[in-house]
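# Architecture and fold: a report
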Amino acid sequence: MKNFLAFFLILGVTAASAHGPLPMRSAPPSDLVRVGLTDNDTTAGGTARLCEQVTFSRGLRYGESEANVLDVATATTKADTPRPVLLFVTGDTFTGDRAAPELSRQIQDQAMCFAARNDMIGVRVNYRLAPSATWPAGATDVAAALSWVHGNIDLFNGDAREIVAVGYGAGAFHVATLLAHPELQTDRADVAAVVLVSGVYRAGKDASDSEKAYLGSDASQYNKRSVFPGILNVDVPIVLAWAADDSAGITAQGEILKKTLCGAGHCPRSALLRSRDGIASAFGLDGSGDSLAEPTLLLVHQLEARGLP
C-alpha cells in the first residue's frame, strides 16, 4: 500500500464535502500491542483537519428502514487500482449514541477519513436500534449493507474482495453475530477480515438494560443469541481489541473471546488500548503513534499482498 503509514503525518485543515444519495443497485498467536493516546482535539476542528481532500457521499440507502443508510468516504484523488474497504459498524450501546449524536458522527467521520487518507474506501453503516429493533436486526442490517457494498462499491473504486468490517461497541457484537450465525448471512455478505473493539459477545444474567433491550429479557435465550460457538468456525483474520478503561465485564468479554479463539487454533492479533473515547481515538487519530491503526493497516496490507484473482 503506497500510503501504508500515512497516518503518522500531520494533516492540513479543510472541510469535508458531501454529495447526494446514489440509486441502489440490486444486487499462530501474536503479542499484545499496548497503545497510548493523548488528549488532542477530536471534535469538529479535528474532523476538518483529518478530512482534508476527502469526499463524503452520505445517506445512501441499503434497505427499507429509514435507518438503513450508509456513508462512503473517498480520497479526492482516485487511485489507479480498486482500493480495500473499511466498513465501520459502531455504537456505544444497542440503543444508540443519543447523548451527543452530532459529536458521535464527527468522531466517526474521522475514522472514515483515516480510511480514505490511507488509500482505502471508508463506509459507515447506520442500522436499526433497540428497543424497536431486536435480535438479530443489527446483524441482518450489517448483512444487507455488505450486500450493497458488494454490488456498488466499484462506483467508488472500491474492491469488494477486500472488505474489512470494523465493529465497535455494540457494532462489534453485530459483526461477530453475522459471522457466527450462517443462517443470518445473505448472498454476497462476506468479508475478508474483521476488527472487533470492546464488544459484548455473550450476555449473562447481569446483562445491562441496553443488552436486554436488544437481546430480550429472557436470559435463557442469551447463549443461543451469542457468538459462541459459531465464531470458532470463522476462517477470516481477526483483530481483537479492548481498552484498559473498559469495564471489567467488557474486558472479560474480550479476554474470553481471545482465549476461546486461540484454543480453537484461530488466535487473533490483539490490541490493548490505554483508553477508549470513541472510534477515532481507538485508531489514534489524535496524533499518537501507536493504535489500532497499525494492526489494521498491517491486516489490509496482508490482504492486498495475497493477490486475489
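In the block above lies the structure referred to throughout.
Residues numbered from 1 in each chain as written. Predicted model: local features only at pLDDT ≥ 70, side-chain atom pairs only at ≥ 80, totals over all residues. Heavy atoms only, no water.

### Concerning unusual backbone geometry
Of the consecutive residues W135 and P136, the connecting peptide bond is found in the cis state with omega at 5°. In this structure, P136 sits in the loop between β6 (121–125) and α3 (137–152). Residue F228 is joined to P229 through a cis peptide bond whose omega torsion reads 0°. On the secondary structure map, P229 appears in the loop between α5 (209–215) and β9 (238–243). Of note in this structure, N157 is not a glycine but carries a positive phi near 65°. Mapped onto the elements, N157 comes out in the loop between α3 and β7 (158–168). On the basis of relative accessibility, which here comes to 13%, the residue N157 falls in the buried class. (Helix = DSSP H or I, 4+ residues; strand = E, 2+ residues; numbered from the N terminus. Buried < 20%, exposed > 50% of the residue type's maximum accessible area, 1.4 Å probe, protein only.)

### Brief notes about helix α8 (residues 293–305)
Along its 13 residues, α8 runs 18 Å from first to last C-alpha, staying within 8% of the 18 Å computed at 1.5 Å per residue. Burial in α8 covers these residues: A293, P295, T296, L297, L299, V300 and L303. Those residues of α8 that are buried lie in contact with β5 (83–89), α2 (101–117), β7, β8 (193–197), β9 and β10 (269–273). (Expected span 1.5 Å × (residues − 1). Contact = heavy atoms within 4.5 Å.)

### Topic: the packing of aromatic side chains
A full pass over the atoms with the stated rule returns 5 aromatic pairs. Residues F94 and Y214 carry aromatic rings whose centres are separated by 5.0 Å and whose planes lie at 5° to one another, so their mutual orientation is stacked. Of the two residues, F94 is situated in the loop between β5 and α2 and Y214 in helix α5; the sequence distance between them amounts to 120 residues. Comparing F94 with Y214 shows no difference in burial state: the two are buried. Judged by centre distance (6.3 Å) and plane angle (90°), the rings of F173 and Y214 are edge-to-face. One end of the pair, F173, is in helix α4 (residues 170–180); the other, Y214, is in helix α5, with 41 residues separating them in the sequence. The exposure classification of F173 matches that of Y214, with both residues buried. (Phe/Tyr/Trp six-rings, centres within 6.5 Å; stacked < 30°, edge-to-face > 60°.)

### Some thoughts on the pairing of strand β4 (residues 69–75)
Of all 7 residues making up β4, 6 are buried, and the element is well covered by its neighbours. Pairing analysis gives 6 bridges linking strand β3 (residues 54–61) to β4, with the strands arranged antiparallel. Each residue of the ladder has a partner; that of V54, found in β4, is A75. Of the pairings in the sheet, the one linking β4 to β6 comprises 4 bridges and is antiparallel in character. Among the inter-strand pairings, L70 is bridged to a residue of β6, identified as V125. (Pairing = 2+ DSSP bridges.)

### Overview of the state of the cysteines
Following the criterion strictly, the structure yields 2 disulfides and no others. Shown here is the disulfide that connects C51 with C113, its sulfur atoms set 2.0 Å apart. Around the S-S axis, the bridge from C51 to C113 shows a dihedral of about 100° and counts as right-handed. Placement of the pair is C51 in the loop between α1 (44–50) and β3 and C113 in helix α2, with a sequence separation of 62 residues. Note on accessibility: C51 and C113 belong to one class, buried. In this model C262 forms its disulfide with C267; the gap between the sulfur atoms is 1.7 Å. Judged by the sign of its S-S torsion, about 50°, the bond between C262 and C267 is right-handed. (Disulfide = S-S within 2.5 Å.)

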